[in-house]
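# Per-entry structural report
Here are the chains, one letter per residue:
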Amino acid sequence: MKQSQAVDTTVDLGGISLRNPVLTASGTFGYGTEFAPFLDLRRIGGFVAKSLTLEPRVGNPPPRIAEAPSGMLNAISLENVGVEAFISEKLPAIPEGVTVIASAFETDIDRYAEVCKRLTGVPRIAGLEINASCPHVKSGGIEFGQDPAVLGQLVRTARQATSLPLLVKLSPNVTHIGEMARVCEGEGASGISLINAVQALEVDPETRRPLLANGLGGLSGPAIRPIALRMVWQASQAVSIPICGIGGIGSAADAVKFLLCGATAVQVGTSNYLQPSIAADVADGLVAYAERHGIPRIRDLVGALEFPGR
Amino acid sequence: MKQSQAVDTTVDLGGISLRNPVLTASGTFGYGTEFAPFLDLRRIGGFVAKSLTLEPRVGNPPPRIAEAPSGMLNAISLENVGVEAFISEKLPAIPEGVTVIASAFETDIDRYAEVCKRLTGVPRIAGLEINASCPHVKSGGIEFGQDPAVLGQLVRTARQATSLPLLVKLSPNVTHIGEMARVCEGEGASGISLINAVQALEVDPETRRPLLANGLGGLSGPAIRPIALRMVWQASQAVSIPICGIGGIGSAADAVKFLLCGATAVQVGTSNYLQPSIAADVADGLVAYAERHGIPRIRDLVGALEFPGR
Amino acid sequence: MAEAIWEVSAAGAVPIRAEAEVVRNVSEGPSSWRLVLRVPSWPGFRPGQFAMLSAGAQQAARRTDPLLPRPMAVYRAETGVDGAEVEILYKIAGRGTALLAEALPGQRVAIVGPLGRAFPPPRSGERVIIVAGGTGIASVYELAARLAGAHPVEILFGARTASDLMALEDFEALKIPLQVATEDGSAGVRGLVTDLLESALEASAPGSGRRIYVCGPTAMMRRCADIAAENEVPCIAALENAMACGFGVCLGCAAPLREGGYALVCRDGPAFDAASIDWERLP
Amino acid sequence: MAEAIWEVSAAGAVPIRAEAEVVRNVSEGPSSWRLVLRVPSWPGFRPGQFAMLSAGAQQAARRTDPLLPRPMAVYRAETGVDGAEVEILYKIAGRGTALLAEALPGQRVAIVGPLGRAFPPPRSGERVIIVAGGTGIASVYELAARLAGAHPVEILFGARTASDLMALEDFEALKIPLQVATEDGSAGVRGLVTDLLESALEASAPGSGRRIYVCGPTAMMRRCADIAAENEVPCIAALENAMACGFGVCLGCAAPLREGGYALVCRDGPAFDAASIDWERLP
Ligand SMILES: Cc1cc2nc3c(=O)[nH]c(=O)nc-3n(C[C@H](O)[C@H](O)[C@H](O)COP(=O)(O)OP(=O)(O)OC[C@H]3O[C@@H](n4cnc5c(N)ncnc54)[C@H](O)[C@@H]3O)c2cc1C
Ligand SMILES: Cc1cc2nc3c(=O)[nH]c(=O)nc-3n(C[C@H](O)[C@H](O)[C@H](O)COP(=O)(O)OP(=O)(O)OC[C@H]3O[C@@H](n4cnc5c(N)ncnc54)[C@H](O)[C@@H]3O)c2cc1C
Ligand SMILES: Cc1cc2nc3c(=O)[nH]c(=O)nc-3n(C[C@H](O)[C@H](O)[C@H](O)COP(=O)(O)O)c2cc1C
Ligand SMILES: Cc1cc2nc3c(=O)[nH]c(=O)nc-3n(C[C@H](O)[C@H](O)[C@H](O)COP(=O)(O)O)c2cc1C
Ligand code: FES
Ligand code: FES
């Protein structure tokens, strides 16, 4: 069986055509070029760039990161180069043939829309992801993605602001992820990305302070994978728009789990820090998995989980 | 400094007087006697027994457990000996001087209340914990602890059913843990226990099935500790009734973190499986910590976290 | 002869918890390893009991992944001057056992044991047939050793291929009749061990009673249970469900019973009357 | 002499990622360890650059705790026939380094490097004073080695006590003037290394310029920065913030700048003009 039929790895993520379903997650892959020494970006489906705000933003004071069991905490906040510098400086540096998804991140809905507008029509940007895990200043620090009404308004406004495929990245810090997914679908989102980091706190028992200068932070990495898989599965039961699965992915087996739970594509996040070529390894591993199981198209795995009693 | 003043380890957990703040968590410590070979139960503050239903219950089919990064998943469901067998067979086997907290767990509110009634007035039971992470049959599988109205009704009814100190064990699968804590306080709960296991899913990529026969399960262990610390801190900001902190505790340092975040006592769960004498080690370690830091009363640590900007 | 047979009273040896020193940890063939631990206050054990071992050696710094300990049969234990040497025979099945195989002499492995109920001993005069395969071979050595010379006993091993057989020499040294069946014929006869069992039952007269003990893959145990039932021979099966605690508190190791409900493999077993198990619902 | 001085152009050696074999990993005194890794396609490095090392040896089975790699200065590297031998000098500070100390020859440690910008070289004729303490000593060896014989240079080490000093003999072998200050007087003079720095600045005439390089605990670096500013001497400080990635993508290693905003220690440093850092806000 050496001469296996080539596996079809292409997927359509809400109008974004991907070479393969392995993307990298916003905030864990910089603006793409940083990984040039470690992997050929054309080996992966594409990448989601660091979330952009209208103006360049300075982040939180250090310490911004801390380790946790099988995970890490971060409180980077809004630090980014701003939408203009991204377009004029970062995008041109990305090799041809690499699929770029831009990410938007703001403190009020109008500014979100403005970021989406500016990114629309820019060559090289294949789609937008709006990060709804940002605290909404007007709702007293509640995340946009934690309130169905606010989320609905955000998605509606962003949808009007851009003609690009629009992914909404949901917050995991909610009671009913399916409800949030339905809001996105109802307001015309092209797809859903989940999960973002889980709100968390780590404490130094010696100094009696949080390990992060900001106090709270986001937990990411393998620790959250079982939570992410549950949410992806729940969202996939609630909506029919495509889902991009995120959370602790560090191997092709992990990626397969997300596909089985209903994700059309996946994003590798924290693992990029540990092993900067990991996303390409995951993509290659998916092909090996498909060959081993005689699966002609990777997308045949999507939602193929045999869930008991269904 | 060898002759240190003895550290005062006693705490009052909503009317339950504890020798020290280290309890063990429901479902991880059986009915107490199973640990006799490994530790003297009088070295810990007490234990919360496996959750009880009115009638003995058979649990889920196997596999019921699976491993996850720095954690485990379980779907044991309601398996327990039932309230009567607990009172007549299990309680008498527990050595004198051991503080026992019974846990109630049911599928509708009236049955919860009935379990609470039966456990009231039974000698040896120092307090009740009601587990609100159980799916509410009438709400279509939503957990009691996921809906403020249902939770309020549960706590009100349970409060009327018993004169014992009443702890409410909250579900972590909610958007606003502080809101749930306030509901409990408003309905007269003596205290709050949190967190229960986080709803999660693990998948076997080879069989394409969930690892648990039940599909979904609860994630526990060190992986969830940063989430638990965040929720305990948020709850402590929302209410003034005492909190019992739970989630991934495996050392005295971990316990200190929970106390700093506002927990009056803690419960050791999954770690009991790895190291059956761990709860006593944590209790001893708390004393060592207090001595090292010159803290006369362990309870002085409660809520002593220096949170930035407060 | 009474001394050779063990008690299965509920109150067996009180289990201990120790950070035991690795005395030896060596590969014996492709995937079979032998670990010897020095356990200072080992209280002894009875055939069929097991221990929970940490996944990998304890390191200077605590690592929380993998988290759970792994159940392993106590293969053999010898009490000496500075505690007992407890032997474990294991195969590399996944992460936990792969890490265990890296534990070096002098390093420490956390152990909790002995746990579980022993195999019920045969009745006086009963002819014993031990059937084992896979990691189940490790679970029956002490049983065979205690019965050897004291009871009429024979052993039947099944494996996919010769190299899957563990510790064959130890069993041969017991001087008990031993037959092997491999699926590829690379050792013993080609075929299934359950065929050997059928022949053995045919060859032996019911006489003063016969008894089967089996430990191995679920399919093997289920088939043995069927054969035993057809021949009306009592059959004891030692199950190998996944475990978290090993002493009856997590309720994770449930085995479905034919009469309904579940037994806990760690507390009510691992050895069960094969007829009591609902084999269809055992994962 | 030009060859002895390195380039700091932005485009340095392209970093590599390897699972490098441990050649040697030995304790040198109470908490100081020396690790030698064989790295096949090592592209060379410049003084001040670092690498990200996995916390502990890679094991047969992947463990996800601890998760993040640890930043470590490249102490020295020698290119031979089968790749370079890359040397790391480290102290056991917590879990990651405790696990690293257990890596045995033949085992593998994942490495990503070289990373970061090099120390800017001194200008021709500049008199160099290197100040180091704690793990910072590891960061300045290559700097001292490249300057030795090519530049007027002296070294000042500070420590709490004698046994905290790492690799003293390596530095002595460079035949550069070296002074030590310990807080308990157990080696060199009793006192702070910053006192030595003040004396050294008093003793040396401004002449054709002076330059300070410092790497050590934050308090030491901050005080050096103050002394340098008072004396109007340029001072380069190499920071040691916690890191997750090491190559500018996680934004975790932010160092607050006096002019406002943050620099990334891994990308814009680790070496910075000490006057540009807002020492008060550095954790
Ligand atoms: C009472 C008892 C006694 C045992 N005695 C021995 C023994 O003496 N020697 C020996 O080598 N093994 C024995 N086992 C099996 C051993 O526990 C498993 O092989 C081990 O837990 C696998 O761990 P792992 O991390 O290497 O594999 P994992 O990565 O956990 O799993 C690898 C594969 O093994 C399966 N598996 C996981 N846990 C178990 C389990 N407990 N039983 C069976 N399959 C499992 C998984 O589903 C997976 O397919 C015994 C099990 C029990 C319950
Ligand atoms: C560019 C750079 C070069 C370095 N070079 C060396 C070197 O050559 N040799 C050496 O021994 N160390 C060096 N360090 C420091 C080293 O990275 C830390 O000591 C190590 O990460 C601690 O890991 P741990 O798991 O052992 O300790 P942890 O358990 O992570 O922490 C133990 C203690 O160290 C502190 N700590 C954690 N990470 C760091 C860090 N990155 N820097 C300083 N303190 C930290 C923690 O706050 C805690 O107090 C360097 C750091 C940087 C950023
Ligand atoms: C340091 C860091 C920075 C992040 N920044 C962003 C961001 O700017 N925008 C965003 O949508 N998600 C951000 N994330 C979240 C990740 O994209 C991802 O959703 C999360 O980390 C879970 O995936 P993982 O477990 O694979 O890391 C960040 C995560 C980390 C660890
Ligand atoms: C196997 C298992 C069974 C559990 N059963 C119960 C239960 O019956 N009632 C309950 O309130 N919590 C139960 N829990 C939850 C624990 O009490 C605890 O809240 C949770 O595991 C988090 O703590 P940990 O991370 O220390 O384990 C169970 C947990 C596990 C792992
Ligand atoms: S393994 Fe925990 S009850 Fe059996
Ligand atoms: S360590 Fe990640 S940006 Fe510096």
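Residues numbered from 1 in each chain as written. Chains lettered and ligands numbered in written order. Predicted model: local features only at pLDDT ≥ 70, side-chain atom pairs only at ≥ 80, totals over all residues. Heavy atoms only, no water.

### Examining the site of ligand 3
Within the structure, ligand 3 sits among 23 residues, and Ser26, Ser51, Lys169, Gly248 and Thr270 of chain A are positioned closest to it. Near ligand 3, residues from chains A and D are present, making the site a shared one. The side chain of lysine 169 of chain A places a nitrogen or oxygen atom 2.7 Å from an oxygen atom of ligand 3. In this structure, an oxygen atom belonging to ligand 3 sits 2.7 Å away from a main-chain N or O atom of glycine 248 of chain A. Calculation on ligand 3 without its partners gives an accessible area of 600 Å², and the protein chains cover 98% of this total. Taken together, the residues that form the shell around ligand 3 break down as eight nonpolar, 13 polar and two charged. (Near = heavy atom within 4 Å. Polar contact = N/O pair within 3.5 Å; in protein donor to acceptor, adjacent residues only side chain to side chain. Areas by Shrake-Rupley, 256 points an atom, 1.4 Å probe, with all protein chains shown as cover. Nonpolar A, V, L, I, M, F, W, Y, C, P; charged D, E, K, R; others polar.)

### Focus on the relation of the copies chain B and chain A
The two copies are related by a screw operation: chain B maps onto chain A through 180° of rotation and 0.0 Å of translation along the axis, at an RMSD of 0.0 Å. Considering both components of the superposition, the chain copies are consistent with a two-fold axis. With an isologous cut-off of 70% or more, the 100% of interface residues of chain B that recur at the interface of chain A puts this contact in the isologous class. (Least-squares fit on C-alpha atoms with pLDDT ≥ 70 in both. Contact = heavy atoms within 4.5 Å.)

### What about the interface of chain B and chain A?
Contacts between the two partners involve 52 residues from chain B, matched on the other side by 52 residues from chain A. Where chain B abuts chain A, roughly 4,200 Å² becomes buried across the two surfaces, and 61% of that area is made up of carbon and sulfur atoms. Between chain B and chain A we count eight salt bridges in total. Salt-bridge contacts for glutamate 202 of chain B lead to lysine 257 of chain A; the nearest nitrogen and oxygen are separated by 3.0 Å. On inspection of chain B and its partner chain A, the count reaches 22 residue pairs in polar contact (both at pLDDT 80 or more). Those elements giving two or more residues to the side of chain B that touches chain A turn out to be β11 (198-200), β12 (203-204), β13 (209-210), α5 (225-238), α6 (252-260) and α8 (278-292) of chain B. (Buried area = accessible area lost by both parts, 1.4 Å probe. Salt bridge = Lys/Arg side-chain N within 4 Å of Asp/Glu carboxyl O. Helix = DSSP H or I, 4+ residues; strand = E, 2+ residues; numbered from the N terminus.)

### Some details on the domain arrangement of chain C
All names here are of chain C. When the domains of chain C are assigned, the result is domain 1 (2-115) and domain 2 (127-238). Across the boundary between the two partners, domain 1 contributes 17 residues, which contact 17 residues of domain 2. Together, the buried faces of domain 1 and domain 2 total about 1,500 Å²; carbon and sulfur atoms form 62% of this surface. Counting the contacts that link domain 1 with domain 2 gives two salt bridges. We note a salt bridge from arginine 76 to aspartate 170, for which the minimum N-O separation is 3.9 Å. Seen at the junction of domain 1 and domain 2, the total is five residue pairs in polar contact (both at pLDDT 80 or more). Its residues assigned to classes, the side of domain 1 that touches domain 2 comprises 11 nonpolar, two polar and four charged. (Domains from an automatic or database assignment.)

### Examining helix α4 (residues 177-186) of chain A
Those residues of α4 of chain A that fall on the buried side of the exposure criterion are Ile177, Gly178, Met180, Ala181, Val183 and Cys184 of chain A. In this fold, the buried residues of α4 of chain A make contact with α3 (148-161), β9 (166-169), β10 (191-194) and α5 (225-238) of chain A. (Buried < 20%, exposed > 50% of the residue type's maximum accessible area, 1.4 Å probe, protein only.)

### Some points on the site of ligand 2
All names here are of chain D. Arg70, Pro71, Gly96, Thr97 and Glu240 are the nearest of the 20 residues found near ligand 2. One nitrogen or oxygen atom from the main chain of glycine 94 is found 2.9 Å from an oxygen atom belonging to ligand 2. Asparagine 241 places a main-chain nitrogen or oxygen 3.3 Å from a nitrogen atom of ligand 2. For the shell around ligand 2, the elements supplying multiple residues, two or more each, are β4 (70-73), β6 (83-91) and α1 (95-100). The dominant element in the shell around ligand 2, judged by the number of residues it contributes, is β4, at four residues. Among the residues forming the shell around ligand 2, the class breakdown is 11 nonpolar, five polar and four charged.

### What about the packing of helix α2 (residues 109-119) of chain B against helix α3 (residues 148-161) of chain B?
Residues and elements named next belong to chain B. Remark: α2 packs on α3, axes separated minimally by 8 Å, with the N-to-C direction vectors making an angle of 30°. The pairing of α2 with α3 is recorded here as roughly parallel in orientation. When you trace α2 past α3, the crossing you get is right-handed. Counting all contacts with α2, which are made through Ile109, Tyr112, Ala113, Cys116 and Lys117, the residues of α3 involved are Val150, Gln153, Leu154, Thr157, Ala158 and Ala161. Split by residue class, the contact of α2 with α3 holds eight nonpolar, two polar and one charged. (Axes fitted to C-alpha atoms, helices over the stretch in contact; angles between N-to-C directions. Parallel < 35°, antiparallel > 145°, perpendicular 65-115°, else oblique. Left-handed = near helix turned anticlockwise from the far one by under 90°.)

### Quick look at the sheet that holds strand β10 (residues 178-182) of chain C
Residue and element names in this part refer to chain C. Pairing is mixed in the open sheet, where seven strands are placed in the order β11-β10-β9-β8-β12-β13-β16. The open sheet terminates on both sides in strands that have one partner only, identified here as β11 (189-190) and β16 (271-273). Bridge analysis of strand β13 (residues 235-238) against β16 gives three bridges, and the strand direction is antiparallel. Within β16, the residue paired with alanine 238 across the bridge is alanine 271. Lying over the sheet, helix α4 (residues 193-203) contacts β8 (127-133), β9 (153-159), β10, β11 and β12 (210-215), oriented at roughly 155° with respect to β9. (Pairing = 2+ DSSP bridges.)

### Observations concerning empty space enclosed by the protein
The full count for this structure, using the stated rule, is two cavities of 30 Å³ or more. Taken as a whole, the largest cavity encloses approximately 170 Å³ of empty space. In terms of lining residues, the largest cavity is bounded by 17 residues, among which Gln59 and Gln107 of chain C together with Gln59, Glu102 and Gln107 of chain D are the most central. Of the residues in the lining of the largest cavity, the class split is eight nonpolar, five polar and four charged. Reported here for the second largest cavity is a volume of approximately 140 Å³. If you trace the second largest cavity, you find 14 residues lining it, with Pro172, Val198 and Met231 of chain A together with Pro172 and Val198 of chain B closest to the centre. (1 Å grid on protein atoms, 1.4 Å probe; cavity = no way out; pocket = protein on both sides within 12 Å on 5 of 7 lines; lining within 4 Å. Points joined across faces, edges and corners; volume = space filled by probe spheres on them.)

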